[in-house]
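What the coordinates show
So you can see what is in the structure, the chains are spelled out below.
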Amino acid sequence: MNINATLILQSIAMMIFVWFCMKFIWPPLIQAMDERRERIAEGLAASDQAEQELKAAKVKVGEQIREARDRASEIVEQATQRHTQILDQAKDDAHSERQRQVAAAEADIAQAANQAREDLRSSLASLAVLGAGKILEREVDTQTHRELLDKLIKEL
Amino acid sequence: MAGGSENITQSDYIRHHLQNLTFGQHADGSWGLADSAEEAQAMGFWAFNVDSLFWAVVLGAAFYFLFRNVAKKANSGVPTRFQAAIEFIIEFVDNSVRESFHGSSKFIAPLALTLFVWIFFMNMMDLIPVDWLPWVATSAGIHYQKVVPTTDANVTMGMSITVFILIIYFSIKIKGVAGFIGELTGQPFASDSMAGKIVFFIPNLILELVSLVAKPVSLGLRLFGNLYAGELIFILIAMIFTAGSGLVASGLSSLFGEHIPAWFWVVATATVFVTLWLNLKGKLDNKKTLWLLLAELLLVGGMAFLLGQLMHFSWAIFHLLIVTLQAFIFMMLTIVYLSMAHEHH
């Protein structure tokens, strides 16, 4: 083992290789690695965000479905209500119509009865006068007994 | 298996393995490669360990092209597996730098990466069986070949001295010349009075200089020592393994005599490879493969082969830890020293 000028040449060789490494090896590799680290971080963040968004969307969808379901049942309820309402209305209408018609018919009948009564009354008066005349065998002064007769008629 | 001559002693074998291929000025004034350890020694300081430098540069270039290849195609999209592996190393170094160095790391981080990967590659050369590359070199007519640059103190000290220069550069850049000198002389004995400062000037300077110089020396020698020892143990294992004599190889020697023929090893290795290959192709199940391997290993000379391989294998596994750990320690200490240079005390 001798110490000789190999020492110096090795030192020079070392500095050259270190320079090579410093210029051509380290920067591109470390840059690529840093870039990749950044990209991975970005990707992870993006996936986290997407997951969050998905969760939020799921919640929103659930809400919307629930809302729609509520609205649908509401509508059905309203329809049922309206249905019974219409039915009741129709029933009421029919009822009142019937009552109206019955009333009209009754009025007609009453009117006819009154008419008949009036007719009867008037004919009765004449008949009564006639009959009385026949009974008395004399002319009854219509005029004189009119009042009496009318009073009678009224009492009939 | 170790060099040119046939009858070499064990100490020759070890010495041969630990000798660098040195280029320098011969005693007669001409320049050339040293033919022996003595000649290399005689060349003095102005000589170069060609093998260390060659492998260091080759492995540095391997680091550069490997990482440059990825860096060119780097993008923030989905990485390929290879890119991910490279980025894992970058991330690891970047984290280490961030933990102990607070400030702009435009220079420190690439420095740490280069040191870590480069030293790791150089250390890994230790795991190539010790005789392979020297044998190739011998075939090509080169007599000495030490393939692990970090087992050469010149290489490790070259790097640690560069770190030392950086320590001084950053100290002066951040704290100024006065601040740096103040740091060297104002502690560990601190005094508020002028007289106290003058009294403590010299002791402080001595203590601080020692701790300053200890940094590059310990940094370089720690790496060198660990790898040198590891290499030496590999050489020792290889020696036991290939010697063909001695206790562990007695089975083989009794069969073949003093020299085990080369074809024996070729056949043995080929058999093991074929077994493993069949297993990988799905033609043999794992249990059968294990039994077959055991039988083969026992057949190929019993304990000689088995023990040698086992020792080599277990040491290689342990050494793998040392290789990585030492590369990491060198990088980490460089970061720590430079971060200390950046801080005011």
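Shown above is the structure to which this text applies.
Structural notes, computed from the coordinates. Here the structure is a predicted model, which means the values were calculated and not measured.

Quick look at the interface of chain B and chain A now. In this assembly, 53 residues from chain B lie in contact with 31 residues from chain A. Between chain B and chain A lies a buried interface of about 3800 Å² when both sides are counted; carbon and sulfur atoms form 72% of it. Where chain B meets chain A, there are two salt bridges. In terms of residues, the side of chain B that touches chain A owes the most to one element, helix α3 (residues 50-73) of chain B, which gives eleven residues. Residue composition of the side of chain B that touches chain A, grouped by class: 34 nonpolar, 13 polar and six charged.

Turning next to a nonpolar patch on the surface. Taken together, the side chains of Ile3, Ile8, Leu9, Ile12 and Ile16 of chain A together with Phe23, Trp31, Leu33, Phe45, Trp46 and Val50 of chain B make up a nonpolar region of the molecular surface, amounting to roughly 970 Å² of accessible area. Of all the secondary-structure elements, those providing two or more residues to the nonpolar patch are α1 (6-136) of chain A together with β2 (31-33) of chain B. Top element by residues in the nonpolar patch is α1 of chain A. It accounts for four residues. For tryptophan 46 of chain B, a relative accessible area of 54% translates into the label exposed.

Where charged atoms from two side chains of opposite charge come close, those side chains can pair. Applying the stated criterion across every chain, the model contains eight salt bridges over all chains. Glutamate 91 of chain B is the partner of arginine 37 of chain A in a salt bridge, and the nearest nitrogen-oxygen pair spans 3.1 Å. A residue pair is termed interchain when its members come from two chains, as with arginine 37 of chain A in helix α1 and glutamate 91 of chain B in helix α4 (residues 81-100). Residue class for arginine 37 of chain A comes out partly exposed when judged on its relative accessible area of 43%. For glutamate 91 of chain B, a relative accessible area of 29% corresponds to the partly exposed category. Residues aspartate 94 of chain B and arginine 98 of chain B are paired through a salt bridge, measuring 2.9 Å at the closest nitrogen-oxygen approach. Separated by four residues within a single helix, aspartate 94 of chain B and arginine 98 of chain B lie in helix α4, roughly one turn from each other. Each of the salt bridges in this network shares a partner with another, and the network as a whole consists of Asp34 and Arg37 of chain A together with Glu91 of chain B.

What counts and how
Residues numbered from 1 in each chain as written. Chains lettered and ligands numbered in written order. Predicted model: local features only at pLDDT ≥ 70, side-chain atom pairs only at ≥ 80, totals over all residues. Heavy atoms only, no water. Contact = heavy atoms within 4.5 Å. Buried area = accessible area lost by both parts, 1.4 Å probe. Salt bridge = Lys/Arg side-chain N within 4 Å of Asp/Glu carboxyl O. Helix = DSSP H or I, 4+ residues; strand = E, 2+ residues; numbered from the N terminus. Nonpolar A, V, L, I, M, F, W, Y, C, P; charged D, E, K, R; others polar. Patch = residues over 30% accessible without salt bridge, like charges linked within 9 Å, V, L, I, M, F, W, Y side chains within 5 Å. Areas by Shrake-Rupley, 256 points an atom, 1.4 Å probe, with all protein chains shown as cover. Buried < 20%, exposed > 50% of the residue type's maximum accessible area, 1.4 Å probe, protein only.

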